[in-house]
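# Reading the structure
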Amino acid sequence: MSEPDEEKLAKTYNQALKLEKAGRLDEAAAVYAQVLAIDPDDRGGASIRMASMGRGPQPQKAPDLYVETLFDQHADVFDNVLVEQLGYAVPAQLRQLIGENGIGPFGRVLDLGCGTGLSGGELRTMARFVAGVDISENMVALACERDVYDELYVGEALQFLQSADEDEHWDLICATDVMPYLGALEPLVGAVVRQLAPGGWFAFSTETLPDKVLDGRDFMVGPFQRFAHGEHYVRQVLSSEGLAVEIAEPITVRYEQGRPIAGHLVLAKRTDR
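Source: prediction; values computed, not measured.

Turning to its location among the elements, Thr-206 is positioned in strand 5 (residues 196–207). A residue is classified by how much of its surface remains accessible, and Thr-206, at 2% relative accessible area, is buried. Dropping the residues within four chain positions of it, Thr-206 is found in contact with Met-179, Val-234, Val-253, Ala-262, Gly-263 and His-264.

The subject of this paragraph is the pairing of strand 2 (residues 127–134). For strand 2, the buried fraction is high: seven of the eight residues fall into the buried class. Relative to strand 2, strand 1 (residues 106–112) is paired through six bridges, and the arrangement is parallel. Counted as the bridge partner of Phe-106 is Ala-127 from strand 2. For the segment spanning strand 1, helix 7 (residues 118–123) and strand 2, crossover handedness is right-handed. Judged from the four bridges that link them, strand 2 and strand 3 (residues 151–154) form a sheet pairing that is parallel. Across the sheet, residue Val-133 finds its bridge partner in strand 3, namely Tyr-153. For the segment spanning strand 2, helix 8 (residues 137–146) and strand 3, crossover handedness is right-handed.

To continue, consider the nonpolar core. Ranked by internal contacts, the top residues of the largest apolar core, which has 73 residues, are Leu-112 and Phe-202. Beyond its immediate chain neighbours, meaning those up to four positions away, Phe-202 contacts Ile-173, Ala-175, Met-179, Val-189, Val-192, Leu-196, Leu-238, Leu-243, Val-266, Leu-267 and Ala-268. One finds Leu-9, Leu-17, Val-31 and Tyr-32 within the second-largest nonpolar core, a separate group that totals 14 residues.

As a further point, take the sheet that holds strand 4 (residues 170–175). Read from one edge of the open sheet, seven strands run 3-2-1-4-5-9-8, paired in mixed fashion. Of all the strands in the sheet, just strand 3 and strand 8 (243–256) have a single pairing partner and so form its edges. Shown here is a sheet whose adjacent strand axes are inclined to one another by a mean of 15 degrees, direction ignored. Where helix 12 (residues 231–240) meets the sheet, it contacts strand 5, strand 8 and strand 9 (259–270), and its direction lies at approximately 145 degrees from that of strand 8.

In this section: the packing of helix 1 (residues 6–21) against helix 2 (residues 25–38). Helix-helix packing is characterised by the crossing angle of the two axes and by the distance between the axes. Running from amino to carboxyl end, helix 1 crosses helix 2 at an angle of 160 degrees, the nearest separation of the two axes being 8 Å. Compared by their axis directions, helix 1 and helix 2 come out roughly antiparallel. Crossing hand, helix 1 versus helix 2: left-handed. From helix 1, Lys-8, Leu-9, Thr-12, Tyr-13, Gln-15, Ala-16, Leu-17, Leu-19 and Glu-20 reach across to helix 2, where they touch Leu-25, Glu-27, Ala-28, Val-31, Tyr-32, Gln-34, Val-35 and Ile-38.

Take the confidence of the model for the protein next. Per-chain confidence: the protein averages 93 in pLDDT, with 98% of residues scoring 70 or above. Taken element by element, the protein is modelled with least confidence in helix 5 (residues 78–85), mean pLDDT 84, and with most confidence in strand 7 (residues 227–229), mean pLDDT 98.

On to the pattern of salt bridges, then. In total, this model carries twelve salt bridges according to the counting rule given. Its salt-bridge partner being Asp-79, residue Arg-146 comes within 3.1 Å of it at the nearest N-O pair. Placement of Arg-146 in helix 8 and of Asp-79 in helix 5 is noted, with a sequence separation of 67 residues between them. Between Asp-150 and Arg-124 there is a salt bridge, with its nearest N and O atoms 2.9 Å apart. One end of the pair, Asp-150, is in the loop between helix 8 and strand 3; the other, Arg-124, is in the loop between helix 7 and strand 2, with 26 residues separating them in the sequence. One network of salt bridges, in which partners are shared, links Lys-61, Asp-64 and Glu-156.

Here the bond from Gly-104 into Pro-105 is cis, since omega is 0 degrees, no more than 30 degrees from zero. Residue Asp-215 is not a glycine yet carries a positive backbone phi of 50 degrees. With respect to the secondary-structure elements, Asp-215 resides in the loop between helix 11 (211–214) and strand 6 (219–221). Residue classification places Asp-215 among the exposed residues on the basis of a relative accessible area of 61%. Notably, Gln-257 is not glycine yet its phi reads approximately 55 degrees, a positive angle.

If you trace the backbone, Ser-47 turns up in helix 3 (residues 46–52). Residue class for Ser-47 comes out buried when judged on its relative accessible area of 19%. Considering only alpha carbons, one finds Ser-47 and Ala-33, 14 residues apart in sequence, at a separation of 8.1 Å. Ser-47 has contacts with Leu-36, Asp-42, Pro-59 and Pro-63, leaving out every residue within four places of it along the chain.

Reading guide: rules and limits
- Residues numbered from 1 in each chain as written.
- Predicted model: local features only at pLDDT ≥ 70, side-chain atom pairs only at ≥ 80, totals over all residues.
- Heavy atoms only, no water.
- Helix = DSSP H or I, 4+ residues; strand = E, 2+ residues; numbered from the N terminus.
- Buried < 20%, exposed > 50% of the residue type's maximum accessible area, 1.4 Å probe, protein only.
- Contact = heavy atoms within 4.5 Å.
- Pairing = 2+ DSSP bridges.
- Right-handed = clockwise from strand over helix to strand, strands pointing away.
- Core = buried A, V, L, I, M, F, W, Y, C linked by side-chain atoms within 4.5 Å.
- Axes fitted to C-alpha atoms, helices over the stretch in contact; angles between N-to-C directions.
- Parallel < 35°, antiparallel > 145°, perpendicular 65-115°, else oblique.
- Left-handed = near helix turned anticlockwise from the far one by under 90°.
- pLDDT = per-residue confidence, 0-100.
- Salt bridge = Lys/Arg side-chain N within 4 Å of Asp/Glu carboxyl O.

Spelled out as structure tokens, the structure:
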């Protein structure tokens, strides 16, 4: 596929963003549609912004190039923004939850969407072997500098799981801050189960919205361009794939514009089928 006209793409995207911020949502959606015509790969996440405004269909997931571009661009300031400005502490919360419930230690741990290594750093002392994978090459480079992983890979989480050797099972697969970039969870959860050792654990965080906002939907793109999931849907997907929910702890995932973003920290165990 040919590369888009970068100058035209940037001009059109900025026009749409300006209209969106001015509250002219119908006009913004029309211009975002032009953005998608210029760049069908959607590296700017126009489809996500349209869904967030209620002016487009709910995607099944965020476009891979959008996620890759987003994190490549923000890798150098990622820890500062996420931890210091947005109050993100899910990796530490995960470590505490695992410890409080007497789970582990683990032989092999896989950190999906490892980013700069925040979760890997928390889990390092609980595992003999820790591997990380992230779609952003720049993020993986920073994770390498943290020196908490035995192996690191650049790749999209689902594709990595689907191509991994099924003979090398994992005792714990974690995915902190991954689900907000996925709508439908079935593909990832199914792939996770196939890679888990018998009795292995899947630990992950989600974001959610009030029932009246979700309005019966399993998932939707929320006001900050991230997917929110209904707890009923999360439990249903896990159960259908042979995972028993042992813990589903309500948490504050982060803060946006000073407001807490609600979510869950989930620990699910592979059961014998």
